[in-house]
Amino acid sequence: MSFSLIDSLFIFLLLFFGIFILGYLLEKIVYRYLVFISQKRKWAWDKLLLGSIGKIYYIWLFLLASHISLVFLPITDKYFALINKILLIFFILSLCLFLSRFIVNLIEIYLHQKTDLAPKVTLFEIIVKVIVFFIGFILILNILNINILPFITTLGIAGLAIGLALRDTLENFFAGIHLVLAKQIRPGDFIRLENGLEGVVEDITWRTTVIKQLQNNVIIIPNSKLAQSIIVNYHQPENNQTLIIPLNISYKHNLKEVEELLLAFMNRFIKEHPLANKDFAPAVRYSGFGDSGINLNLLIQVKEPTDRFKLIHDFIMELDDYLKKHDIEIPYPIRKVYIKNDRPDKEN
């Protein structure tokens, strides 16, 4: 049955928009069903799937509607095959985008559950996208009837030359992989570098590691230099950090009584303060005889290393009031000076 040009265009548009609207309504129904099902499961793979698809679904819907409706357009077989080939190429690209999102989200969830690695690691995202889109590129070359063997050979030679030229970049890349897999430094960890700079690891990218300081500044350090540095990780083996607060008391006090008073204060403080680790038993440790008093250290723990400044501040404020209330003296520095007089008595 043959149609006129106007009839063909009308049928094409009617079929195209009909399929698009039907697919849109179907997406709303399926989405609500999957959200309802995912709420009853511990591991919502369907929610993960929908989150990875996102707006890509409408691209697939557009490509499907175009492919089906294309039959009613009055075009030659040559252009029909060409348009279908273009639609297939766009489908492969959108499929690569979906697969890269899905695999990245899947890997991040797996790593977070199995290794306690924080969800955001850009390095994994880059590796997955490069692999997925490279496979998609090979498929597109095959669709365009381009022989891929010479291309792969040329790519191997070019890759060797590029690898030599980008030696530092590749060194940082593989150092980043080592940092992630070794789990010695993870996004979310609070670390101190050997130069004294410290902050929270925000992200590990293909070339650099981003560290955010407590002052809201950002430190960007190459992965290779970070891998060779001496680093203090306050989140390993656990988040709790022991704080050592020095104190000096007068020689006139009874040390045993002071220790009991300080322990009573510290136990109450830990119990009431939300930032303190309540599972840690505080301790008082005398450390030596000072110039003007007895030196000692007070040991408490903070839940998160980033909260240690606030905890120390509140601890010292309350401790000062407590010491004054119980007449525990913090002595000032005392020096005894002896003056020797070598002059004769008659001159005195």
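Residues numbered from 1 in each chain as written. Predicted model: local features only at pLDDT ≥ 70, side-chain atom pairs only at ≥ 80, totals over all residues. Heavy atoms only, no water.

Give me the packing of aromatic side chains: which residues, what numbers.
The geometry of two aromatic rings is summed up by the distance between their centres and the angle between their planes. On inspection of all chains with the given rule, the structure shows 9 aromatic pairs. Sitting above the plane of the Tyr234 ring, Arg308 keeps its charged end 5.6 Å from the centroid. (Phe/Tyr/Trp six-rings, centres within 6.5 Å; stacked < 30°, edge-to-face > 60°. Lys NZ or Arg CZ within 6 Å of the ring centre and 35° of its normal.)

With reference to specific residues and values, describe the nonpolar core.
In this structure, Leu262, Leu298, Ile300 and Phe315 are the most contacted members of the largest nonpolar core, which totals 23 residues. When contributions to this core are tallied by element, the ones reaching two or more residues are strand E6 (241-249), helix H9 (255-272), strand E8 (294-302) and helix H10 (308-325). By size, the runner-up hydrophobic cluster in this structure holds 12 residues, among which are Ile185, Ile191, Ile204 and Ile211. (Core = buried A, V, L, I, M, F, W, Y, C linked by side-chain atoms within 4.5 Å. Buried < 20%, exposed > 50% of the residue type's maximum accessible area, 1.4 Å probe, protein only. Helix = DSSP H or I, 4+ residues; strand = E, 2+ residues; numbered from the N terminus.)

Give a description of the pattern of salt bridges that names residues and reports values.
Side chains bearing opposite charge may pair, as long as their charged atoms lie close to each other. For the structure shown, the criterion picks out 7 salt bridges. Glu272 is the partner of Arg268 in a salt bridge, and the nearest nitrogen-oxygen pair spans 3.4 Å. Within this pair, Arg268 and its partner Glu272 are both found in helix H9, separated by 4 residues, close to a single helical turn. Look at Arg268 and you get partly exposed, because its relative accessible area is 35%. A salt bridge links Asp314 to Lys310; the shortest N-O distance between them is 3.3 Å. Of this pair, Asp314 and Lys310 are both found in helix H10, 4 residues apart, which corresponds to roughly one turn of the helix. Residue classification places Asp314 among the buried positions, given a relative accessible area of 15%. In the salt-bridge network here, residues are joined through shared partners; they are Arg192, Glu198 and Arg308. (Salt bridge = Lys/Arg side-chain N within 4 Å of Asp/Glu carboxyl O.)

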